[in-house]
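# Examination of the molecular architecture
Given next are the chains, with one letter for each unit.
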Amino acid sequence: MLERPLVYLVPAIAAALFCAVCLDWAPSLMVSLLLLAVFLLLAGVFIYRNKAFALFGMLAAAHLAFCGFSIYNLYIVEPIRHLNGQSLDIQAVLLEDPDVYEDSQRALLSVTHNGEVEQTFRTFCYLPLTDTPLYAGDHIVVNVGFYLPGAAEGFDRAVYQASNRCFIASSYNQTEEDAPVRFEVTGTERDTLRFLPQRIARYCKQAIAGALPERPAGLLTALLLGDKSGISDADALALRIAGLSHLVAVSGLHIGFLVAFCSLLGRRIGTLVSIPFILLFVPIAGATPSVIRAAVMYLVTAGAFLLRKEANSLNSLFLALALLVLLNPYAIASLSLQLSFTATLGLILLAGKMQRRLMKPFRSFPKMVYRILSVVVGSVSCTICATIFTTPIILSAFGYVSILSLLSNLLVVGVTAVCFIGGFLVCLTSAFFPFLAALCAKAIAPLLTYILDICNWIAGLPFGLINWADSFGIAALVLSFAGILAWLLAGAHIKWRYVLPVFCLALFGITAAGAYYNQQHYSVTYLPCGSGQAIIVSDAVGSMTLIDCAGDGGYRNAAASVREWMQWNGFRQVDTLVLTAVDKGHARDLPELLQHTPVGQILIPNGCKETQHNKELLQLVAEADAEIVEDTVQLDAAAPVTVFPVCDGKLGVRIDGHVLVLHSPTQKQLAAFFETESYSAPDIVLSQRNMEDTVLLRQLISDTNAQRIILQSGTGDVLHKFEGTPIESPYFTGELQERYKKEG
């Protein structure tokens, strides 16, 4: 441990901080100090016993991290979060160009004066729209309300913002006339050296937009700067499904491209030139944990080369991690940091070994062929090894992992390098040699389009994704990774003539069992649509029934969520759409759904009354030849789906005796319905207004024999349990999915 202390101590520190930040578990400061002293004493006692010394040293490092975290919270975080709920006039400077929305703009501010907290701190703040654009470096005075972001749809915004050193959020306050209470721009320092990186990033973005068509320009801006605002939602989704999101998240790959460009000047001169380029590139690209990690590792390597010393990759990696968590312990919660470090760890530990083993049979090949094969095999090795280490994080964070990333990376990584260097040249030459910028742009435009086309092609394949609920797919993935690791780490000691057939048979058996299981089951998926609704009943055969299609009228768009779900799960059309009511609360996003998604049959309730709010929706369903449900209808769907009228203009849906969808009628309408009818199911789906009268709610639970309530909610102000009956909501958990066995 004494030879490479970072390799032992930093992982222990990272593990302790992960427990404290992500798992919300940490001992008190006094307990941590006591245990730190104990473990330091034990490490001293066992200093000549290598394993014991390493163990107690790592435990001491972990409790040192707990101590540091407690002190950081006490003196840095808590004073800032004490502002929660307060409204104050603040003086601040914009650290980045704001993101502009329809009714506001969000900016990262450095608050220099607020009258409450002496220290300068950062906050993500919603500001009013301005006639003159705001830029990084502008000084403002604004009256804001501070708040602590909540958790919604399975995403903890407070932890995410804390990983960016923002421990409180804010939004400008408005008068009764919807005007800002106070907002003014008091000055600017946007032209100073401090904000040079932001000016360069803005210039590059404008240069790319002027040289290329919109679609390739959006991709190139993301490749160079990590700014994904110019990429369409469809292309962004395709990048995720194809396993190529890392291309537009500036990281070590992009640092490598930049270093390769500089190395054209020669190794030593290129290294000298690359150092200031890298130092400037980090803030231009947003100084994310992934790009900082890559920059630190490269700068250590470059320094070692210039000093004629040897750099150790693991030491460099853990040095970068130590610097990041030292500056902000909450950075450990950053998904960018987690993915970047685990992927790099996989490359360091396994990629070289895999490449050497795969290239061993080709040693006798001609030199040129061997080099070409080496490039291809190196790309395969890097992709596989990075995937092994990052898959658990991707699955837990997104619920899906792409097994087609190997194919997609092989097809585009080389082209991406050309596009990155070409884009870099476009930005360098656009000011002084516009004709050269135009030539470079014309050369890389087809390549950028090729990358997007490949992403969309791979994303359109009806296989290649494993989701968190697919236990058989995860088991097959784990077995495959275990086989690769066994081959790499203990291949010489394994009798593969016996092990390989058993391994292949087990893999085939798991895959076949998974296919059979999926054929015998169907899924009910509740999409997070705020106060709106969208419920999907589907199976592995390709049958899909959609119940309602309404977002909340804000950023939650049900039609977009349905399309995204369909693309992730390989569906091409909605077989049947059931609208339990034709109004904004249940069909708000129907026009967009019908415009972009093939829909077969549409069912609507009888007796829909026309109002000024649903007139267009009623005309639309009439034009789509929707069928009116006057009596109980049994659908031929993934599962037995029964659609029944509750009252005029309202439908209920029963899914195979497992789920009752009753979020459309009011409580009194439901009470009147269940006086004469009888439907029961373990799960009932309600809206927030169905929770208002506790007497009627208690009666409804009794009438339906409900064991769980699934609540479609637009706010976090809901119960988690009603008189012993658990309540779940996609508002908190994100997408909810339940699987049921088909009958018969």
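This text gives an overview of the structure that appears in the document. (Residues numbered from 1 in each chain as written. Predicted model: local features only at pLDDT ≥ 70, side-chain atom pairs only at ≥ 80, totals over all residues. Heavy atoms only, no water.)

A count of helices and strands for the protein gives 24 helices and 26 strands. Seen along its three principal axes, the alpha-carbon backbone of the protein occupies a region of about 90 × 75 × 70 Å. Across the 744 residues in the protein, those meeting the buried criterion constitute 45%. If you take every contact in the protein between residues at least 6 apart in sequence, the share linking residues at least 24 apart comes to 67%. For the protein, the computed accessible surface area is about 36,100 Å², with 60% contributed by carbon and sulfur atoms. Taking the 49 positively charged and 58 negatively charged side chains of the protein as two groups, their mean positions are separated by 19 Å. (Helix = DSSP H or I, 4+ residues; strand = E, 2+ residues; numbered from the N terminus. Buried < 20%, exposed > 50% of the residue type's maximum accessible area, 1.4 Å probe, protein only. Contact = heavy atoms within 4.5 Å. Areas by Shrake-Rupley, 256 points an atom, 1.4 Å probe, with all protein chains shown as cover. Lys, Arg positive; Asp, Glu negative; His and termini not counted. Charge placed at Lys NZ, Arg CZ, Asp CG, Glu CD.)

Turning our attention to the pattern of salt bridges. Enumeration according to the criterion identifies 15 salt bridges in this entry. Ionic pairing is found between Lys 205 and Asp 227, a salt bridge with its closest N-O pair at 2.9 Å. Taken together, the residues Lys 205 in helix α5 (residues 196-211) and Asp 227 in the loop between α6 (214-225) and α7 (233-241) connect sequence positions 22 residues apart. In this structure, a network of salt bridges that share partners links the residues Asp 683, Arg 708, Glu 728 and Glu 738. (Salt bridge = Lys/Arg side-chain N within 4 Å of Asp/Glu carboxyl O.)

Each aromatic ring pair is characterised by the separation of its centres together with the angle its planes make. Across all of its chains, the model carries 24 aromatic pairs by this definition. Judged by centre distance (5.6 Å) and plane angle (40 degrees), the rings of Tyr 522 and Tyr 740 are tilted. Of this pair, Tyr 522 sits in strand β12 (residues 521-526) while Tyr 740 is found in strand β26 (residues 736-741), placing the two residues 218 residues apart along the sequence. By relative accessible area, which is 1% here, Tyr 522 ends up buried. The interplanar angle of 10 degrees and the centroid separation of 4.0 Å between the aromatic rings of Phe 644 and Tyr 679 together place this pair among those described as stacked. One end of the pair, Phe 644, is in strand β19 (residues 640-647); the other, Tyr 679, is in the loop between α22 (667-673) and β22 (683-687), with 35 residues separating them in the sequence. Relative accessible area serves as the criterion here: at 12%, Tyr 679 is assigned to the buried category. Grouping aromatic residues by their ring pairs yields a cluster made of Phe 69, Tyr 72, Phe 167 and Tyr 330. Cation over ring: Arg 268 sits above Phe 305, and NZ or CZ is 5.8 Å from the ring centre. When the ring centre of Trp 487 is taken as origin, the NZ or CZ atom of Arg 357, which lies over that ring, is 5.9 Å away. (Phe/Tyr/Trp six-rings, centres within 6.5 Å; stacked < 30°, edge-to-face > 60°. Lys NZ or Arg CZ within 6 Å of the ring centre and 35° of its normal.)

This paragraph deals with the packing of helix α14 (residues 405-429) against helix α15 (residues 434-459). Remark: α14 packs on α15, axes separated minimally by 8 Å, with the N-to-C direction vectors making an angle of 155 degrees. Between α14 and α15, the angle is such that the two are roughly antiparallel. Considering how the two elements wind past one another, α14 and α15 form a crossing that is left-handed. Of the residues in the contact of α14 with α15, the class split is 21 nonpolar, 5 polar and no charged. (Axes fitted to C-alpha atoms, helices over the stretch in contact; angles between N-to-C directions. Parallel < 35°, antiparallel > 145°, perpendicular 65-115°, else oblique. Left-handed = near helix turned anticlockwise from the far one by under 90°. Nonpolar A, V, L, I, M, F, W, Y, C, P; charged D, E, K, R; others polar.)

Here we take up the sheet that holds strand β16 (residues 599-605). In spatial order, the strands read β17-β16-β15-β14-β13-β12-β26; together these 7 strands make up an open sheet with mixed pairing. With one partner strand each, in any of the chains shown, β17 (627-629) and β26 form the two edges of the open sheet. The average angle at which neighbouring strand axes cross in this sheet is 20 degrees, direction not considered. In terms of strand pairing, strand β14 (residues 544-547) meets strand β15 (residues 574-578) through 3 bridges, oriented parallel. (Pairing = 2+ DSSP bridges.)

For strand β3 (residues 105-113), the tally of buried residues reaches 7 of 9 residues, placing the bulk of the element in the interior. Relative to β3, strand β1 (residues 87-94) is paired through 4 bridges, and the arrangement is antiparallel. Considered in β3, the bridge of Ala 92 is made with Val 111. Relative to β3, strand β2 (residues 99-100) runs antiparallel, the two being bridged by 2 bridges. If you follow Val 100 over to β3, its bridge partner there is Gln 105. Between β2 and β3, which pair antiparallel one after the other, the connecting turn spans 4 residues. In terms of strand pairing, β3 meets strand β4 (residues 121-127) through 7 bridges, oriented antiparallel. Within β4, the residue paired with Leu 109 across the bridge is Thr 123.

Moving on to unusual backbone geometry. Within the chain, Arg 165 stands out as a residue other than glycine whose phi angle is a positive 65 degrees. Secondary-structure assignment places Arg 165 in the loop between α4 (157-162) and β8 (166-172). When its relative accessible area of 39% is taken as the criterion, Arg 165 is described as partly exposed. Unusually for a residue other than glycine, Arg 308 sits at a positive phi of about 60 degrees. Counting through the fold element by element, Arg 308 comes out in the loop between α10 (289-306) and α11 (313-327). Judged by relative accessible area, which is 70%, Arg 308 ranks as exposed.

Let us now look at the environment of Thr 188. Tracing the sequence through the fold places Thr 188 in strand β9 (residues 183-188). We classify Thr 188 as partly exposed; its relative accessible area is 46%. As for Thr 188 and Asp 103, which are separated by 85 residues in sequence, their C-alpha atoms are 24 Å apart. Other than its neighbours up to four places away in sequence, Thr 188 contacts Gly 137, Asp 138 and His 139. Only 2.7 Å separates the side chain of Thr 188 from the side chain of Asp 138, close enough to count as a polar contact. (Polar contact = N/O pair within 3.5 Å; in protein donor to acceptor, adjacent residues only side chain to side chain.)

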